[in-house]
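Architecture at a glance
Listed here are the chains, written in short residue letters.
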Amino acid sequence: MEEGQVSEKRSSSKDLAERVRAESKETWRIAFPSMLTKICLFGMVVVTQAFIGRIGELELAAYSLIQIITVRFGQGTLVGMSSATETLCGQAFGAKQHHMMGIYLQKSWIINFITATLLLPVFIFSNQIFKLIGQKADISDKAGTIALWFIPYLYSFVFNQSIQKYLQTQLKNMIVGWLSVIAILLHLVLSWIFVAKLNLGVSGAMGSLIISIWFIVIGDFVYIFGGWCPNTWNGFTFTAFSDLWPIFKLSVSSGVMLCLELWYFAILVLLAGYMKNATIAISAFSICVNLTTWDYNLCLGFLSSTSVRTANELGRGDAKATKIAIKVNLATSVSIGVVFWIICLAFGHKIAYLFTSKEEVAKYVSTLSLLLAFSVLLNSFQAVLSGAAIGAGRQSTVAYVNIFCYYVVGLPLGVLLGFVLHLHVKGIWIGMIVGVLLQVSVLGYITSTTNWDEQVKKASQRLNRYYKPSEESNGKCAEETVNA
């Protein structure tokens, strides 16, 4: 009897180890191309910033202002709203409702296009907006000009992000990764030609960015329309215009969820500008924010992997596999987070020299290295827990959690520590970390106490609500009726 139980336990352990190994393989199959894509997209913005920095300080300041506030606002909104596509397409793929994925993609395009158009005034009137919040007139005027160049960039995200979600939910996102690598290389070459050789200035740098970002979109179109997604793309259909409202609500909650995170960091950078010795404070804090952004782009790969695997397994109706997927992603992400945490602690006093040669700024960054290390570590938890919520379609829950943790707790605490208790940038950042730590704790509790069998039922109800028979299946039904 005991030998039989031992044998059964060994068999069970072996089966679990095999499932974990298979899940780890699926994790990296989704996460790596997603990391590659996000790093390349962010890298293109950084490359543009580097070439504009060669033009002049005024242009660099204006570009930084637009990029940190206006572009982050618009891009974050569209990226967030596209996560609804990740939920629906992921669950549809798991449920083998393949033809619905193309319909969800088209719905996302419609909703994103309307959203981007509504965001246009922010870019068109950015000059006046920046003057209204107290920015210098010369920087505001230049920023207003650069903002107009970002409008085609904004509309590229109407298609770019939703296509990426659509492809990665069916494990075909490697094509987006390769297109992104080619695009950033193209961007480097074009920027060098337009700015360094032809002296086209800001127009050349921004023109290169627009060409490169739309290269990815056109490549995605060729891949989808060219027949490489035969099961999930059946052409354009008017069905995409039906039942938009419930999907719009899910998209809005997704957009709010992500934007609340992106705005949080942008507001903290703005607050640093009101400190004494603001130039050094902003420079040091911006370096740290850039480092956490690079790390967060890596973590977003695990966010994508977790959301896709969660959605796939919920759509398939397997609650146990859903829990394994979340645990494997969390263990992998946190392991990498610990490595970067150690690197930040070990090299925190030297890391600033990658971005600046100014001794005073570098010393300021070194005093923030401990906070930087813990921000990096928290990113690895935050991404996976947010991904699990997206996969289950619980974006609105995360949005409420973000509002409370970031804006009711983190931001006021940062202001109190930074300005009232005179801890300056450290105080602001401590408040930020407390907000993120609280968010991770709440999301961790929600995820660990979730009844995933109940989430399977909700996923099934959601898919059945939006389900439309394919034209092929309609044709078969009609044929069967005639034969009868």
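Residues numbered from 1 in each chain as written. Predicted model: local features only at pLDDT ≥ 70, side-chain atom pairs only at ≥ 80, totals over all residues. Heavy atoms only, no water.

1. A word on the overall build of the protein
Looking only at helices and strands, the protein features 16 helices and zero strands. Counting only carbon and sulfur atoms, one obtains 66% of the accessible surface of the protein, whose full area is about 21500 Å². (Helix = DSSP H or I, 4+ residues; strand = E, 2+ residues; numbered from the N terminus. Areas by Shrake-Rupley, 256 points an atom, 1.4 Å probe, with all protein chains shown as cover.)

2. Details of the packing of helix α10 (residues 319–347) against helix α12 (residues 369–391)
Two elements in contact, α10 and α12, have axes separated by 8 Å at closest approach and are oriented at 170 degrees. In terms of axis orientation, α10 runs roughly antiparallel to α12. Residues I326, N329, L330, S333, V334, G337, V338, F340, W341, C344 and L345 of α10 touch α12, and the partners they reach there are S369, L370, L372, A373, F374, V376, L377, S380, F381, V384 and A388. Taken together, the residues of the contact of α10 with α12 break down into 17 nonpolar, five polar and no charged. (Axes fitted to C-alpha atoms, helices over the stretch in contact; angles between N-to-C directions. Parallel < 35°, antiparallel > 145°, perpendicular 65-115°, else oblique. Contact = heavy atoms within 4.5 Å. Nonpolar A, V, L, I, M, F, W, Y, C, P; charged D, E, K, R; others polar.)

3. Remarks on a nonpolar patch on the surface
Residues L416, V420, L421, L423, I430 and V434 make up a contiguous nonpolar surface patch of about 460 Å² in total accessible area. Looking at the nonpolar patch, the elements that each hand over two or more residues are α13 (395–420) and α14 (424–448). Examined against the element boundaries, V420 turns out to sit in helix α13. Since its relative accessible area comes to 52%, V420 is described here as exposed. (Patch = residues over 30% accessible without salt bridge, like charges linked within 9 Å, V, L, I, M, F, W, Y side chains within 5 Å. Salt bridge = Lys/Arg side-chain N within 4 Å of Asp/Glu carboxyl O. Buried < 20%, exposed > 50% of the residue type's maximum accessible area, 1.4 Å probe, protein only.)

4. A look at the packing of helix α5 (residues 137–168) against helix α7 (residues 201–228)
As a packed pair, α5 and α7 sit with axes 9 Å apart at the nearest point and diverge in direction by 25 degrees. Taken together, the axes of α5 and α7 are roughly parallel relative to one another. You can see that α5 and α7 cross each other, and the crossing is left-handed. Here the contact of α5 with α7 is built from residues that sort into 21 nonpolar, four polar and one charged. (Left-handed = near helix turned anticlockwise from the far one by under 90°.)

5. Remarks on the packing of aromatic side chains
Here the structure, examined in full by the defined rule, presents 20 aromatic pairs. For the ring pair Y406 and Y407, a centre distance of 6.4 Å and an interplane angle of 70 degrees mean the geometry is edge-to-face. On the basis of relative accessibility, which here comes to 0%, the residue Y406 falls in the buried class. Judged by its relative accessible area of 21%, Y407 is partly exposed. One aromatic cluster in this structure is built from W109, F159, W214, F221, F225, W233 and F236. (Phe/Tyr/Trp six-rings, centres within 6.5 Å; stacked < 30°, edge-to-face > 60°.)

6. What to know about the nonpolar core
Residues M44, Y104, F150, Y153, I163, Y166 and M206 are the most contacted members of the largest nonpolar core, which totals 72 residues. Mapped onto this core, the elements with two or more residues apiece are α1 (2–55), α2 (57–94), α3 (98–124), α5, α6 (174–197), α7, α8 (244–272) and α15 (452–466). In terms of residue count, α5 provides more of this core than any other element does, 15 residues in total. When sequence neighbours within four positions are dropped, the list of residues in contact with Y104 reads L88, C89, A92, I247, L463 and Y466. Among the nonpolar cores identified, the runner-up in size contains 39 residues, and V365, A373, M432 and L443 belong to it. (Core = buried A, V, L, I, M, F, W, Y, C linked by side-chain atoms within 4.5 Å.)

7. Topic: helix α11 (residues 359–367)
Taken residue by residue, α11 has V361, A362 and V365 as its buried positions. Here the buried residues of α11 occupy an arc of 100 degrees about the axis, which is enough to place them on one side. Looking at α11, the residues exposed on the side facing more than 90 degrees away from the buried face are E360 and K363. (Arc of directions from axis to C-beta.)

8. Description of the side chain of S386
Inspection of the secondary structure assignment puts S386 in helix α12. Ignoring sequence-local partners within four residues, the contact set of S386 consists of M257, E261, L303, Q439 and L443.

9. Examining the environment of I184
Inspection of the secondary structure puts I184 in helix α6. Taking the relative accessible area as the measure of exposure, I184 reaches 16% and is therefore buried. As for I184 and L41, which are separated by 143 residues in sequence, their C-alpha atoms are 7.5 Å apart. Apart from residues no more than four positions distant in its own chain, I184 is found in contact with C40, G43 and M44.

10. Describing unusual backbone geometry
For residues other than glycine, phi is negative in most cases, and the peptide bonds are mostly trans. Even without being glycine, N199 reaches a positive phi, approximately 55 degrees. Among the secondary structure elements, N199 is positioned in the loop between α6 and α7. Given a relative accessible area of 62%, N199 falls into the exposed group. Phi at D243 takes a positive value of approximately 55 degrees, unusual for a residue other than glycine.

11. A few points about the pattern of salt bridges
One pass over the full model with this rule turns up nine salt bridges. Put simply, K131 and D141 hold a salt bridge, and the shortest N to O gap is 3.0 Å. Residue K131 is found in helix α4 (residues 126–132), and its partner D141 is found in helix α5; the two are separated by 10 residues along the sequence. Classification of K131 by relative accessible area gives partly exposed; the value is 40%. With relative accessibility at 35%, the residue D141 sits in the partly exposed group. Bridged by salt links that share partners, the residues E23, R309, E313 and R316 form one connected network.

12. A closer look at α12
For α12, spanning 23 residues, the distance from its first C-alpha to its last is 33 Å, which sits close to the expected 33 Å at 1.5 Å a residue. Looking at the residues trailing α12, positive phi occurs at G393, about 75 degrees. (Expected span 1.5 Å × (residues − 1).)

13. Digging into the confidence of the model for the protein
Segments scoring low in pLDDT should not have their predicted coordinates read at a detailed level. Looking at the protein, pLDDT values average 85 and 89% of them are 70 or higher. In this model residues 475–484 is a low-confidence stretch, pLDDT under 50, and it forms zero contacts with partners more than four residues away in sequence or in other chains. (pLDDT = per-residue confidence, 0-100.)

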